[in-house]
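Now for the letters of each chain:
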Amino acid sequence: MPSTLHTEPVATVLDGLLEAEREGDERAFAETGVTDPKAAWAELDAGQMAETFKDASMSVSKEGGELLYLLTRATGARTVVEYGTSFGVSTLYLASAVRDNGGGQVIGTELQADKVARATEAIAAAGLSDIASVRVGDARETLRELPESVDLLLMDGWPNLNRAVLEVVEPRLRRGALVLVDDMDMDFGFDMHREMRDYLADPSSGYLALRLPVAHGILAGVRLG
Ligand SMILES: C[S@@+](CC[C@H](N)C(=O)[O-])C[C@H]1O[C@@H](n2cnc3c(N)ncnc32)[C@H](O)[C@@H]1O
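First, a word on what this report is: a plain description of the structure on this page. If you're wondering where the values come from, they're calculated on a predicted model, not measured in any experiment. (Residues numbered from 1 in each chain as written. Predicted model: local features only at pLDDT ≥ 70, side-chain atom pairs only at ≥ 80, totals over all residues. Heavy atoms only, no water.)

In terms of regular secondary structure, the protein chain is built from nine helices and seven strands. For 225 residues, the compact-globule formula gives about 17 Å, and the C-alpha radius of gyration of the protein chain, at 16 Å, lands near that figure. Considering only contacts within the protein chain whose residues lie at least 6 apart along the sequence, 75% involve residues at least 24 apart. Between the mean site of the 21 positive side-chain charges and the mean site of the 37 negative ones, the protein chain shows a separation of 6 Å. (Helix = DSSP H or I, 4+ residues; strand = E, 2+ residues; numbered from the N terminus. Rg over C-alpha atoms; globule rule 2.2 N^0.38 Å. Contact = heavy atoms within 4.5 Å. Lys, Arg positive; Asp, Glu negative; His and termini not counted. Charge placed at Lys NZ, Arg CZ, Asp CG, Glu CD.)

Laid out in C-alpha cells, this is it:
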C-alpha cells in the first residue's frame, strides 16, 4: 500500500513548501535584520520574534519530516499535538502518517496569524483538512484544551518555551507517548534547549530520552509512566 506521503496531492504540496523554504528562507532571514540572535532573544518576546520571522518557514527538512512520518507510523499515533506549525510542513508529514494509521487528528498551533492562514491553505490543498487543524496563538494558551489522551507531541516552536509548553500538554500524554524536540543542533547564539534537555534527562521526570542525529537534531523522549 503506498503511503499518503508519496501520493497526490500531498507529495506535490510538500515539494512546493520544501522548495519555497530552500529558495526563500535565506532572504527572509536577511530581511529580519537580526545579526545577533542572542541579543534579539534577550530583547524580544515570543510574539515579537514570531513577527520578526513571519516570512521564514524554518521548516523541518525532508529527512526530518520523513523521520516524523516514520515515528508516527511506528507508534500508531492517532492523536498528535504540534507546537510551532509555521507554513505547515511538519504538520503535513504528521497528518499523512495519522491518515495512514487509520485516521485521527493533528492539532497544530502557531503564534503568527498569516502563517496559520498559509498552513491551513496547505493542509486543504493536501486534502488533509479532516485530520489537521491549526490553532492561532501562543501554545501555552492554545493547548490548554486537548483531547483526553495524546500519543505524540512535536515541539518545534521557540525552544526556550518548550518546557512551559510541555507543562501544559504533559497531563494529556499517555503512557508510552513520544515527545520529539526539533532543532537540537541549531545555533541560536546560546543554549536555548538546556531547560528541556535537563528535564527530559532527569529520571524523576518520567521519560527516557535520546538525541537522534538526524536532520537538525531531534531529541526523542518516551513518557514512561
Ligand atoms: C521552526 S518554526 C516551525 C516549523 C514547522 N514545524 C515546520 O516544519 O514547518 C517555529 C514556529 O513556531 C512559532 N512559535 C514560536 N513560539 C510559539 C508559541 N509560543 N506558540 C505558538 N507558535 C510559536 C513561530 O512563529 C514559528 O513559525
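For Thr 85, the location among the structural elements is in the loop between strand 1 (79-83) and helix 5 (89-100). Take Thr 85: its relative accessible area is 3%, and that puts it in the buried class. With residues up to four places along the chain from it excluded, the contact list for Thr 85 reads Thr 91, Gly 108, Thr 109, Glu 110, Ala 119 and Val 134. A polar contact is formed between the side chain of Thr 85 and the backbone nitrogen of Thr 109, at a distance of 3.1 Å. (Buried < 20%, exposed > 50% of the residue type's maximum accessible area, 1.4 Å probe, protein only. Polar contact = N/O pair within 3.5 Å; in protein donor to acceptor, adjacent residues only side chain to side chain.)

What follows covers the layout of surface pockets. Reported here for the largest pocket is a volume of approximately 720 Å³. Lining the largest pocket are 42 residues; nearest its centre among them are Phe 29, Met 58, Trp 158, Asp 183 and Phe 188. Going through the elements one at a time, helix 1 (10-32), helix 2 (37-43), helix 3 (46-52), helix 5 and strand 2 (105-110) are the ones with two or more residues in the lining of the largest pocket. By residue number, the principal contributor to the lining of the largest pocket is helix 1, which donates four residues. When the residues that make up the lining of the largest pocket are grouped by side-chain class, the tally is 21 nonpolar, 13 polar and eight charged. Of the voids in this model, the second largest pocket is the one considered here, and its volume is about 160 Å³. The wall of the second largest pocket is formed by 13 residues, among which Ala 20, Gly 24, Asp 25, Asp 55 and Phe 87 lie closest to the centre. With eight residues, the single largest contributor to the lining of the second largest pocket is helix 1. In terms of residue class, the lining of the second largest pocket is made up of five nonpolar, two polar and six charged. (1 Å grid on protein atoms, 1.4 Å probe; cavity = no way out; pocket = protein on both sides within 12 Å on 5 of 7 lines; lining within 4 Å. Points joined across faces, edges and corners; volume = space filled by probe spheres on them. Nonpolar A, V, L, I, M, F, W, Y, C, P; charged D, E, K, R; others polar.)

On to the site of the ligand. Taken together, 22 residues form the shell around the ligand, and within it Gly 84, Ser 90, Glu 110, Lys 115 and Asp 156 come nearest. Here an oxygen atom of the ligand and a side-chain polar atom of Lys 115 are 2.8 Å apart. One of the backbone N or O atoms of Ala 139 is found 2.9 Å from a nitrogen atom in the ligand. Under a 2 Å grid-point criterion requiring more than half of the atoms, the pocket assigned to the ligand is the largest pocket. Put simply, the parts of the chain that give the shell around the ligand at least two residues each are helix 5 and strand 2. (Near = heavy atom within 4 Å. Sits in = over half its atoms within 2 Å of the grid points.)

Turning our attention to helix 5. Taking 1.5 Å of rise per residue, the 12 residues of helix 5 would be expected to cover 16 Å, and the 17 Å separating its terminal C-alpha atoms lies within 8% of that figure. Among the 12 residues in helix 5, 11 count as buried, and that is most of the element. Every buried residue of helix 5 is listed here: Val 89, Ser 90, Thr 91, Leu 92, Tyr 93, Leu 94, Ala 95, Ser 96, Ala 97, Val 98 and Asp 100. Immediately beyond the C-terminal end of helix 5, within one or two residues, lies Gly 102, with a positive phi of roughly 115 degrees. (Expected span 1.5 Å × (residues − 1).)

Another aspect to go through is the pairing of strand 2. Judged by how many residues are buried, strand 2 sits mostly within the fold: five of six residues are covered. Bridge count between strand 1 and strand 2: five bridges; the pairing is parallel. The residue bridging Val 80 from the neighbouring strand is Val 106, located in strand 2. Of the pairings in the sheet, the one linking strand 2 to strand 3 (residues 132-136) comprises five bridges and is parallel in character. The partner of Glu 110 across the bridge, within strand 3, is Val 136. (Pairing = 2+ DSSP bridges.)

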